Amino acid sequence: MREQRFDVPAPEQYGEGLVGVREGSEIEIDLRLESVHEGVLVTADVDATAEGECGRCLIDIALPVRVEFQELFAYHTGEAFEYEVQDDHVDLEPLIRDAAVLALPFQPVCRPDCPGLDPETGLRLADHPELVTRAENDPRWAALAGFRASEDEGADAASDADQKRD
């Protein structure tokens, strides 16, 4: 078993959406390689920083990306394995790329309650709170305004039914 920690630059950009790990940015890898009967078991913790823009207000943001994975690189046995040991080496780049891309948020935001942009002026609402208008209820839902849910009687009704059945 071997444990190593190293920093490498991203060989290409990971992610194509609003945020991504930029080419050349630092990727920290904590790696554990274990020899097992079938091959080499790789366990890794990967840390990087994704840069891009907020999906609501379009300001520049940087988000931490932390992924963990464990994969078996099999010795060539003639069976179909997704990853194999090639010339006593394992290629981690596809695993790191796939794990990092899957960890990226689909709709990144600068903060969870980001109000976005004003639809009239295009100004960032977080910087201009006076432009925030209180949301009005949609008139299509007005008929349901007075509706109140009944109390849950499911547990009592079930026990009555059980008693009657017995």
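Presented here is an overview of the structure given in this document. Every chain's residues receive numbers from 1 upward, in the order its sequence appears when written. Reporting in this predicted model follows two pLDDT cut-offs: at least 70 for local features of residues, and 80 or more for side-chain atom pairs to be given and counted; totals over whole chains, interfaces and linings ignore these cut-offs and use all residues. Computation of side-chain values: all heavy atoms of the structure, hydrogens and water removed.

So, about the pairing of strand β4 (residues 39-53). Working note: regular strand, side chains alternate between the two faces of the sheet. By this definition, two strands are paired if DSSP reports at least two bridges between them. Runs of H or I in DSSP of at least four residues are treated as helices and runs of E of at least two as strands, each being numbered from the N terminus. With two bridges joining them, strand β2 (residues 19-20) and β4 adopt antiparallel strand pairing. Bridge pairing in β4 links G20 to E51. Examined bridge by bridge, strand β3 (residues 26-36) and β4 share nine bridges and lie antiparallel to one another. Directly across from S35, in β4, lies its bridge partner V40. Between the end of β3 and the start of β4, which pair antiparallel, lie two residues. Two elements, β4 and strand β5 (residues 60-74), share 15 bridges in a ladder whose sense is antiparallel. Bridge pairing links V42 to E71 in β5. What sits between the antiparallel neighbours β4 and β5 is a turn of six residues, in which L58 has the positive phi angle 65°.

Before going further, it helps to examine helix α1 (residues 93-103). Exposed residues in this analysis have more than 50% of their type's maximum accessible area, buried residues have under 20%, and partly exposed residues fall in between, with area computed by a 1.4 Å probe over protein chains only. All buried positions along α1 are accounted for by L95, I96, A99 and A100. Projection of α1 onto a plane perpendicular to its axis shows the buried side chains occupying an angular sector of 120°, all on one side. Those residues of α1 hidden inside the fold are in contact with β3, β4 and β5. Note: the arc covers the axis-to-C-beta directions of the helix. We call two residues in contact whenever any of their non-hydrogen atoms come within 4.5 Å of each other.

What follows covers the pattern of salt bridges. Each salt bridge in this description consists of a side-chain nitrogen of Lys or Arg and a carboxyl oxygen of Asp or Glu lying within 4 Å of one another. Summed over all chains, the structure comprises 13 salt bridges. A salt bridge links R5 to E28; the shortest N-O distance between them is 3.3 Å. Within this pair, whereas R5 is found in strand β1 (residues 2-9), its partner E28 is found in strand β3, the two being separated by 23 residues in sequence. Take R5: its relative accessible area is 52%, and that puts it in the exposed class. Classification of E28 as partly exposed rests on a relative accessible area of 31%. Notably, a salt bridge pairs D45 with R66, separated by 4.0 Å at the nearest N-O pair. Linking D45 in strand β4 with R66 in strand β5, this pair joins segments that are 21 residues apart in sequence. Judged by its relative accessible area of 23%, D45 is partly exposed. Residues participating in the shared-partner salt-bridge network are R5, D7, E28 and D30.

All right, on to unusual backbone geometry then. Positioned with a positive phi, L58 is a non-glycine residue whose angle comes to about 65°. Checked against the element boundaries, L58 lands in the loop between β4 and β5.

Inspection of the secondary structure puts E23 in the loop between β2 and β3. For E23, a relative accessible area of 58% puts it in the exposed group.

So, about the nonpolar core. The nonpolar side chains of soluble globular proteins are, as a tendency, buried together. The biggest cluster of nonpolar side chains holds 30 residues, and the ones touching the most others in it are V46 and F69. Listing elements by their share of this core, those giving two or more residues are β3, β4, β5 and α1. Setting aside residues up to four positions removed in sequence, F69 forms contacts with V42, T43, A44, V46, L95, I96 and A99. Only buried residues count toward a nonpolar core, which is a set of Ala, Val, Leu, Ile, Met, Phe, Trp, Tyr and Cys residues joined through side-chain atoms within 4.5 Å.

Quick look at the layout of surface pockets now. Cavities and pockets are found on a 1 Å grid laid over the protein atoms alone: a cavity is a set of points where a 1.4 Å probe fits but cannot escape, a pocket is an open set with protein on both sides within 12 Å along at least five of seven lines, and a lining residue has an atom within 4 Å of such a point. Grid points are joined across faces, edges and corners, and a volume is the space filled by probe spheres set on the points. In this structure, the largest pocket spans a volume of roughly 500 Å³. Around the largest pocket sit 23 residues that line it, and L31, L33, D88, H89 and V90 are the ones nearest its centre. Secondary structure elements with two or more residues in the lining of the largest pocket: β1, β3 and α1. Of the residues forming the lining of the largest pocket, the biggest block, six residues, is contributed by β3. A class-by-class count of the residues in the lining of the largest pocket yields 16 nonpolar, three polar and four charged. Residues are sorted three ways: Asp, Glu, Lys and Arg are charged, Ala, Val, Leu, Ile, Met, Phe, Trp, Tyr, Cys and Pro are nonpolar, and all the rest, Gly among them, are polar.

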